[in-house]
Each structure stands twice: as C-alpha cells, then as structure tokens.
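# Working through the structure, step by step
So you can see what is in the structure, the chains are spelled out below.
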Amino acid sequence: MLLAIAAATTTLTLGLAIHGVASDPFQSSRETTAGPDVTAVIMPDPEGGAVDPAVLDGLTGADGVVDHSGPYPVAGATLTHGDRTMDVQAVGRDTEPAAVDRPAVTDGDWVRGGGVVVEAAFAEATGLQVGDPVTLAGRSFEVAGIAVTTALVPYPWTTCLVHCVLGQLPEGMRSAPGAVREPGTVWLTVTDVEEIASGPLSYVSYLKLADPDDAQAFVDAHNQDQPGAPRLEPWQHTFEQVTHLERNSQRVLTTGGWLLGILAVASVAVLVGGRMADQTQRVGLLKAVGATPGLVAAILLTAHVAVALLASAAGLVAGRLTAPLLSERTPGLIGAAGDPALTLRTIAIVTAVALGVAVTATLVPAIRSARTSTVDALNDAARPPRRVGWLVALSSRLPVALLIALRVAGRRPRRVALSIASMTVTVSGVVAAMAANAQLAAQPILDADTETQRLGELLLIITVTLIALAAVNTIVVTWATVLDVRHASALTRALGATPAQLSAGLSFAQVLPAFVGAVLGVGGGLVLYTAVDPDEVPLPPVWWLAALVPGVMLAVAALTAVPARLAARRPVAPLLQAELA
Amino acid sequence: MSSILSTRGLTRTYGDGESLVRAVDGVDLDVAAGETVAVMGPSGCGKSTLLHLVGGLDRASGGEIHLAGRRVDQLTERALARLRRTDVGFVFQAFHLMDELTVIENVELPALLAGRSPRAARARATELLRRVGLDAKGDALPTALSGGQRQRVAVARALSNEPVLVLADEPTGNLDSAATLDVLRLFEDLHEAGQTLVIVTHDERIAATADRLISMRDGAFVDETRLTGGTTGHLGALAGLEG
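Read on for a plain summary of the structure. (Residues numbered from 1 in each chain as written. Chains lettered and ligands numbered in written order. Predicted model: local features only at pLDDT ≥ 70, side-chain atom pairs only at ≥ 80, totals over all residues.)

### Quick notes on the overall build of chain A
If you tally the helices and strands in chain A, you get 18 helices and 12 strands. By the burial criterion, 50% of the 581 residues in chain A qualify as buried. Pairs at least 24 residues apart make up 84% of the contacts formed inside chain A by residues separated by at least 6 positions. (Helix = DSSP H or I, 4+ residues; strand = E, 2+ residues; numbered from the N terminus. Buried ≥ 20, exposed ≤ 12 C-beta atoms within 10 Å, placed from the backbone. Contact = placed C-beta atoms within 7 Å.)

Right, here's the structure in full:
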C-alpha cells in the first residue's frame, strides 16, 4: 500500500506541479531589462544611401513618450567562431546602462571595446561562451558576455534590425542585396559597430510610453508606409512572437498535468477497491476477538494514516524531483515556462488524496463489517457480482472467448467504467500530442529552433508518462479482475472451457473497454486540443488516428496476456475446493 | 457389462521425501455403464481427489485412467477441457452456480462452452429444468433458491452435454434432510434413465442408494460391497428419510 499510494501521489504531484506552471517569463524579463514599449527602426535603402538617425529623434518627443534610448547603429555582419560562420546583426551600445532596454547580462560582462555580448538564445544555439574568440567582419573580438533582452524576438526568429531573411523566401521573392540570413543578435560598442560596418547602417531607438497599453495606438499613429520612414513595432508584437511557443508549452504542461492527475485518481480508485477487498478478513478477525466496529476502524485508521502520510511525503518529493524534467528553462528569457513549484496547495491536495485513500480503504470495510456477520467477514465472502442481463444474452451468441470476456466485464461495471475512463484520458492525451506534433511539423522551422524542439520533447515526455501510467492501470485492473473471478474461472474450466479460451476471455475483458476508451479518446483528443488551442486547427495524419485504436487494443492484449495466461493455467480443483475450506 | 470408467494403479501424491502425502494410492476402479457407485470414507481420505482425477480436474502422479474406451490421464489441458465438456458432468457440494446468471443461464452454460447454438443450448436447458422440476424457476437467480433447488440446478447443468459419466462430490453435504431426499430422488431418476454415476459421500443414506459401495481410507480402497436394494428399491424407506 505504501508503494502504491506513493506511486499515485508522485504522479499527482507531477500533474499538479506542472499544472501550476503558468508564470510569465516574458513579463518578468521585460521588467528586469526595462523593456521598451515601442521599437523604432530605420533601415537604409537596399540600393544604397545612408539614413539619418535624426529621423528617429522626432519620435522621442512625441506625445505619450516618457523616456527613450538610442538611436543606436546596427550593422549586418558575418561572425566566425572556429570553423562556423553565422550571420549577425551587431547593435552598437554605450558601455553604460541605458534608460530603456538594459539587456540583462546572464554571464560575463556588458560591452567593451573589442568585447562582444551575445544574445542568450543565439549563444545557446551556437554554443558561444564567454571568453570565446570570434571574428566579426574580419576583425577579432572576444565574447565578453551573454545577455537577455525583450526589445526584440530572441534567436532564431530574431526581430530584424537590418535587412534579413528568416526561413525560406516565398517563391518568386528575392532577398534584398546584402541581407543577412537568420541572424543572431550581438551587442558591441558604437565605435566597434561603425568600424565593422561594410555599408550604410540601420538605427534603432527604444521608446517608453506613459501607458504601455497605448503602444499599439502609438504605432498606428506614427507608422508611415513610405520609403525612409521608421518602422515601429509595439512590445505586444515581440510578446506574441516570444510567447507563441512558450504559451504552447504552458498549454501542454497544464493539459498534461490535468490528464496525469485524472489517471492518478483512477489508479487510486483501483487501489482502494483492492485494499477494501483485502481488509474484509482482517476486520472479521478483529471482530472475532471482541473488537467493536468503532475499535476496528480506529485500529485500521491509525495504521493506514501513518502509511498514507509516509507515502504522500515520498510522492511529493519524487514528484517535485521529476517535475523539472517536464519544464526546462527557456533560452532567451529570464525564468522559464515555469519552474514547477511545490506549493502549499499541491502539498494539501496530495496529502488529502493519500489520506482519503487510507480513510476510504479503512472505513468502508469497517462499516461493512458492522453490517455483516463476523462469520461472513472471516470467510472473506466475495462481493457479489453484478448482473447485466442484456450483456449475458448478447454474449450467448458469441464465440466462447468473447462470451467469457463479456460476462467477466459485466460482473464489475464500475471497474469497466474506470478502465474506459483511464483509456479515454490516455488516448485523448496521445491524440492531442499527435495533433500538436502535426502542427509543429506543419509550421516553418529553422534548424536552430530549440523552442520547437523543446516543445516536441515536452510532448514526448508527457505522452510517455501518460502511456506508462495507463499501462500500470491496465495491469492493476487485470490483476484485480483475475483475482476477483478466480472461482468463476475455475468453474468455467471445470465446465469445459480450455485454458486458451479462458486466457483469451480474461484478456478480451480488458481489451473491450480499451477499445471503447480508444474510440472515445480519439474524438476526445481532437476536441481537447481544439479547446486548448482554438486558433490553430490541427489534424494528425488520418492513418495515425486509424492505427491508434488497433494499436491500443494490441498493447492492452499484450499487457494482459501474462496475468490472463497465469490465471487460466491455475489448477482448478484447489480453487473449487477452497470455497469449502 | 462393459466399463465406462476404469483406473489402474491410480496415484496422486503431494510433496516429497518425508513430507510425501499419498492422497490417492494405487486405486483400481471399474464402473460399468449405467452403474451407480458410491465412494465413502472419512474426511481427507482422498475420495474428492479421486473424483477430480477421474474427471480431469487434476493430474495423476501415476497410473492409468480410461474413460469411454480411451486413455485420458495423458491428455493435454486442451483435450481434458474437451473431455469435461462432452464426457463428464460435475455436481459439487457447494453447488458452484454463478450468482450473476439466472437458473436457465447456468444450465445452458456448458452447452454454450461446447459450441452449441444459443437456441439449442436454451432448448436443452429448458428440457433439463423440466426434468429436475424447476421449469418455473428458469428466470430466477440462484440466490433466490433453496439449497435443494440449487443442487437440482447443478445436476441439470451437469447433464447439459449428455455426459457418459456424472461425478458428484458430496452432493448433499450442504443440504437438510428434505433437500437431501429431493436430490436422492433425482439421482434415482438418473440411474433409472441409465446414467452412470460416481458419488463421493460420507452420508450413509446416499451410499445406500448405490449399486456398489466402496470404502476408502488413506488414499486406498479398503472394502467394496454390492448393494442389492440400491436405487431399484424403496429409496425413501431405505434411506430413512420419509416420515
């Protein structure tokens, strides 16, 4: 019971911890870096000709602007590190912190002459580290630091401050002369940028507004669609771009957390059922030696509460240690999609569930024992099976294995409902993950898009966890069923069923609910994903969905084969004699 | 008269070395077609084990079992299942009815397991319930029946596939006197219809109705008596059950 509750509470902790992962790394990063409300860029004409940075000065005095920094020069360049060559946009900055946009240095120092600071996501994708020698436009530099900014979208979907190309150009379009491809961002001193520039510079200014919510209106009012005019972008644009995958991660974590939590409760329900059956004879023994039902409850409760508290503590620790695997830090921002936290709420829920299991597993048999005779309790009289008449009638028309399967399933409708629910939840999660993967596969992707890769890994981990928990549930339910029907199984064999027929019947008894659960889960998964992400309609390949249902049935058949086979080969005579013992 | 069932040197042991137990120890048994044989003995003498061996519910440690002209002690589990399905019917002391099935569903179950059509299985079950006097109880659940009625249902179920041999293990062990008389009468009917019966019992009233009485002790046959009154005579008076 200790291990069983610990396993369930670990899963529940995991679910609750990652469900609580909803912090907003962009906002915290924006506050830390004094992120601008509006970014204004002016780029030179691709055909040549310098731009006047004074054009940007007109914006700094506009209504609503309370602070600004820049204009800063920006040059496109080629960065060489060892054998690797990458395009970058080099932004010239003062060595002193600016009023608006102060990139937060996460490693090393801020810019200095001959020292380059690399944007964090770019550094992570390329492996650049503080102290690395690099060459920019043929001139040697040293990586002075790594920094995070919210003034632009991190690598690889960088906000272009110079003419640049991200991903594949649409057919028929040509890139501007001198445009850089998929650039990372680096900061240098203004002097260094001016020295490495091979052509006219771009300029960028960062504006702080009195009310950040007015950023879009400010941009609408001041954006001019004409050559030589500055291009303005509100902070919300950066936020949308930065948090697009981040929000997807949060959705995956939140939804995965709920699904894992539901499966954990299903496991607990199976455990409680098994535990209650185990307790019957023990309660009878206590009554036989003179214990009142109240005393019986007190004795069992004391023992099990201690076990439950120990198990919940183990589950909380294990869940907390496992949760970070599902929620790694996102490069390019300070913080993460969420560092999973062991909140008081999580601790309270997990402990309450563990105690609930112990109390239920204790009190119900105690109350039952009060209502039944001591002799019956001592005999460990089996819980009478349910009768589902239509199922019995239907089974008469089927082959022997299916006849056995339907009748076994019909004896315990609640257990069947639990199996269906468990499989529906699992398959829903798997289908939702497949839909998300299909969506990821369909969108343009850059080689260095670590965010998308991370999301894919996250989906994989949650899917594997869901499947593992469902597999455990299937095995537990199968064992519970095998034990529950051991007398009926022996009788069925005595009446002429072969071991193979009985084994197949016991296995089918689990496969049939799995089939129903899988069918419901396929629909449920698509509904789930559409509900979680209504903006983007995903559709995994149809053959994936079509293969999922038989795949689930095969997997359940394989999982149940061993316990079913063992049960079908038990000697018949001792089981039939046991009722007389 | 030819033997339906014969065993030679039938042995069933448990454990080994000093803890070796000979539950059945070199039993030779012949049962003729249509004969009723009662096996008596104290609890633990091996009579139920003998029945399980003969019926293919347990595996012999040694010796031979021949049923309906073929050797069955070396059959595979699958073949033994077929044997139980077609050639043997069991009646247990604890009835072993399935509580979630109605009376008629219990009786038709062996026929369904044998692959008969649902219609044929139901027709056979209906006929058997009429034969045991429970045709009005077909839709009842076993829990709604008395002990004697449940055992009559069990007998009907044992006859479902027209077995050549019915094995009854303490069929009246859980019954009161009136119910015991009911079951005795039923066995008498079966005997008169030519059904071969082997009944394990420690109830002398049951044993007295057989054609032959075998006493068993420590796994071996120690005495054999041919009864002339048997089920052909005045059953109730002989069994001392009629008032």
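Okay, back to it.
### Looking at the interface of chain A and chain B
Contact with chain A, which involves 27 residues of that partner, is made by 25 residues of chain B. Those elements that place two or more of their residues in the side of chain A that touches chain B are helix 12 (400-411), helix 15 (486-494), helix 16 (499-532) and helix 18 (572-578) of chain A. In the side of chain A that touches chain B, the residues fall into 17 nonpolar, four polar and six charged. (Nonpolar A, V, L, I, M, F, W, Y, C, P; charged D, E, K, R; others polar.)

### Comments concerning the pairing of strand 9 (residues 212-217) of chain B
Residue and element names in this part refer to chain B. Relative to strand 9, strand 3 (residues 36-40) runs parallel, the two being bridged by four bridges. Counted as the bridge partner of Val39 is Ile214 from strand 9. Linking two consecutive strands that pair antiparallel, namely strand 9 and strand 10 (residues 220-226), is a turn of two residues; a positive phi of about 50 degrees is found at Asp218 within it. (Pairing = 2+ DSSP bridges.)

### Let's talk about the environment of A:Ala558
With respect to the helices and strands, the residue A:Ala558 is situated in helix 17 (residues 542-568). Once the C-alpha coordinates of A:Ala558 and A:Ser507 are considered, the two residues, 51 residues apart in sequence, prove to be 8.6 Å apart.

### Let's talk about the packing of helix 3 (residues 103-113) of chain B against helix 4 (residues 118-131) of chain B
Residue and element names in this part refer to chain B. Orientation of helix 3 relative to helix 4, taken along the N-to-C sense of each, is 125 degrees, at an axis distance of 8 Å. It follows from the interaxial angle that helix 3 and helix 4 lie oblique. Crossing of helix 3 over helix 4 shows right-handed handedness. Residues Val103, Ile104, Val107, Glu108, Ala111 and Leu112 of helix 3 form the contact with helix 4, whose own contacting residues are Pro118, Ala120, Ala121, Arg122, Arg124, Ala125, Thr126, Leu128 and Leu129. Looking at the contact of helix 3 with helix 4 residue by residue, the class counts come to 11 nonpolar, one polar and three charged. (Axes fitted to C-alpha atoms, helices over the stretch in contact; angles between N-to-C directions. Parallel < 35°, antiparallel > 145°, perpendicular 65-115°, else oblique. Left-handed = near helix turned anticlockwise from the far one by under 90°.)

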